[in-house]
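Here is what each chain is made of, one letter per residue.
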Amino acid sequence: MNLKKIREFIIERLIFLGGMASIIFVILIFAFLLKEGLPFFRIYPLKDFLGGRFWYPISEPVQFGIKPLILGSLIVTGGAILIVVPLGLATAIFIAEIARGKTKEILKCSIEFLETTPSVVIGFIGLVVLAPFIRKVFSLPTGLTALCGSIMLAIMSTPTVVSIMEDAITAVPKVYKEAALAIGATHWQTIWRVILPAASSGIMAAVMLGIGRCIGETMVVLMVTGNAAVIPKTLLQPVRTLTATIASEMGEVVQGSEHYFALFALGIILFSLSFIVNLIADFFIHKGVK
Amino acid sequence: MNPKRRQKIVFSLLFISSLLVITPIFLIFFFIFKEGIKVISWEFLTTSPARMGGGGVFPAIVGTLYLTLGTVLISVPLGVLAGIYLSEYAKENLLTRLVKLAIINLAGVPSIVYGLFGLGLFVIFLRFGASLLSGCFTLSIMVLPIVITATKEALNNVPQSFREVSLSLGATKWQTIRYCVLPYAFGGILTGVILSIGRASGETAPILFTAAAFYLPHLPRSIFDQVMALPYHLYVVATQVPGVERRVSYGICLVLVVLVILIDLIALITRYQIRKKKLW
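Residues numbered from 1 in each chain as written. Chains lettered and ligands numbered in written order. Predicted model: local features only at pLDDT ≥ 70, side-chain atom pairs only at ≥ 80, totals over all residues.

Explain the overall build of chain A here, please?
Counting its secondary structure elements, chain A contains 13 helices and two strands. Principal axes of the C-alpha set define a box for chain A whose edges measure 75 × 75 × 35 Å. Per-residue burial for chain A yields a buried fraction of 48% across its 290 residues. A separation threshold of at least 6 residues defines the contact pool for chain A, and within that pool the share at least 24 residues apart is 73%. (Helix = DSSP H or I, 4+ residues; strand = E, 2+ residues; numbered from the N terminus. Buried ≥ 20, exposed ≤ 12 C-beta atoms within 10 Å, placed from the backbone. Contact = placed C-beta atoms within 7 Å.)

Which parts of the structure should I look at to understand the domain arrangement of chain A?
It is common to give the size of an interface as the accessible area lost on bringing the parts into contact. All names here are of chain A. One can read the domain layout of chain A as domain 1 (2–37) and domain 2 (47–287). The distance between the C-alpha centroids of domain 1 and domain 2 comes to 33 Å. Between domain 1 and domain 2, the contact holds six residues from the first and six residues from the second. Taken together, the residues that form the side of domain 1 that touches domain 2 break down as four nonpolar, one polar and one charged. (Domains from an automatic or database assignment. Nonpolar A, V, L, I, M, F, W, Y, C, P; charged D, E, K, R; others polar.)

Explain the interface of chain B and chain A to me, please; I cannot follow it from the model alone.
Listed by partner, the interface residues are 68 residues for chain B and 65 residues for chain A. Looking at the side of chain B that touches chain A, the elements with two or more residues in it are α1 (3–36), α3 (58–89), α4 (94–108), α5 (111–125), α6 (132–156), α8 (173–202), α9 (230–239) and α10 (246–277) of chain B. Counting residues per element, the side of chain B that touches chain A draws most heavily on α1(B), at 17 residues. The residue inventory of the side of chain B that touches chain A, partitioned by class, reads 50 nonpolar, 13 polar and five charged.

Looking at this structure, I do not really get helix α7 (residues 146–170) of chain A. What am I missing?
Residues that lie three or four places apart on an α-helix share one face, since the helix turns once every 3.6 residues. Residues and elements named next belong to chain A. With 25 residues, α7 should cover 36 Å at 1.5 Å per step; its first-to-last C-alpha distance of 35 Å lies within 8% of that length. Within α7, the axis deviates most sharply at Ser157, by approximately 45°, and proline Pro159 lies no more than four positions further along. Among the 25 residues that make up α7, 21 are buried, leaving the element largely enclosed by the rest of the structure. (Expected span 1.5 Å × (residues − 1). Bend = angle between axes of the 7 residues up to and from the residue.)

Can you help me understand the nonpolar core in this one?
Note on soluble globular proteins: their nonpolar side chains tend to be buried together. Counting residues in hydrophobic clusters, the biggest one holds 180 residues, and the most contacted among them are A:Met152, A:Met165, B:Leu67, B:Leu230, B:Leu234, B:Cys253 and B:Leu256. Split by domain, this core shows at least three residues from each of two domains, domain 1 (2–37) and domain 2 (47–287) of chain A. Setting aside its immediate chain neighbours within four residues, A:Met165 contacts A:Gly88, A:Leu89, A:Ala92, A:Gly202, A:Ile203 and A:Ala206. (Core = buried A, V, L, I, M, F, W, Y, C linked by C-beta atoms within 7 Å.)

Put into structure tokens, the structure is as follows:
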């Protein structure tokens, strides 16, 4: 009897601990980023870090200006979102409202398939197929450009965007649709005037999560954007993102050096960005169907 | 314009957009299979790589399997416990809201940030070094949200009446969960676990500084050894080693894709079987 009680007690404590694990890990991640990243600002002024126009971590004197990296991340993400949001919304509407039977199955399956494809594979295809194509079409010295990154990121974030938008559209109560159809609206008028407005907060959540995926993606941009840390002016030049900078430079830095701390400081920025984007997405999700 | 005609035009446009979205998917797999199949041979799969990136991929396959196995061993117990907590114990209060927010955030943290965290905590602070162990821990935390969410949903799908019957017969809360809830949620949990395996086996960024070795002709001898891994091997061979033939990269890519597809197929089949066998 008592043994049973003790066992029950222990198991319930374990379950509680397991439940708290996520909070503990989020705090640990933030703590370790701060622990390794904050020392950087003792040796390098925050103003030059945020406002500096040059990222020259190994030249003399060193410069750690993150403007080109932030703008690199933003231009690649912006391009990807411009591609994936209209196309993704169209696909989501088509899957949720129009497609039937086999067509619907094929669309859903192939998108689910893409979701599980490792990002390094998508980066590789961008490197060997899309980049040479872009180089030829625009007659550039290299095809490894922001455009190439945007297109591959758009492909990579398609499953996230489409599936959440589709869920949002499906979640709209059927009576809304029936009411609109009953007073003589066409199917398209119903979708455009009734279903989409009702699903708008879910659609916004999909856009935010898409942005989050694009900003945080590492391997794709590392492989296809050319990695030149210059302030981008067009989509047709090489850029370097925050993520790619960490990935390509961390392997070569001396532990505890200024450069090492600087890369962790980039991590703090990335973590904060994704935190904000996820908060906004969460806000839209909880707003739910109007 | 006549609303009927407008609808026809818009629907055609939507159809074309959908085609545009799925064409790249088919193209990607077409290229990988067409080019990759040329280098696949028994020798390619079972020998070690040459120093400059050619040769076989055997240690990378084994390394990926080790990393994935270790990740499952760590993340599944933790994730299932957390799922049980959220589904069976958590009340509607601030703490639960925080836990949910933390899970959403873990799911959204960029993979490279997990890499940094793993480097800071496991490699340096706990002195595990760049090793299989550090890699598994890092990947585990990354896939934790997948396991938790799958467990929670699977448990929520078990009808409330199952619990009520068990409790009314005098079973304790844990006995109820253990004998009347978990068995029926097993399939759903398994699907989540397999999906997290697929994710862990394909990730590169979290193992860049925590586990992956550029060139290691032998298999890891202990959990403190570095390992080769397929995704990292593909990245290195495709971008860092000059002069390796393109088709070798395609070959590595094909092996990785087939591995991930196999894992996902198992998940799909499991899910299908469960839906067929649903008992209530």
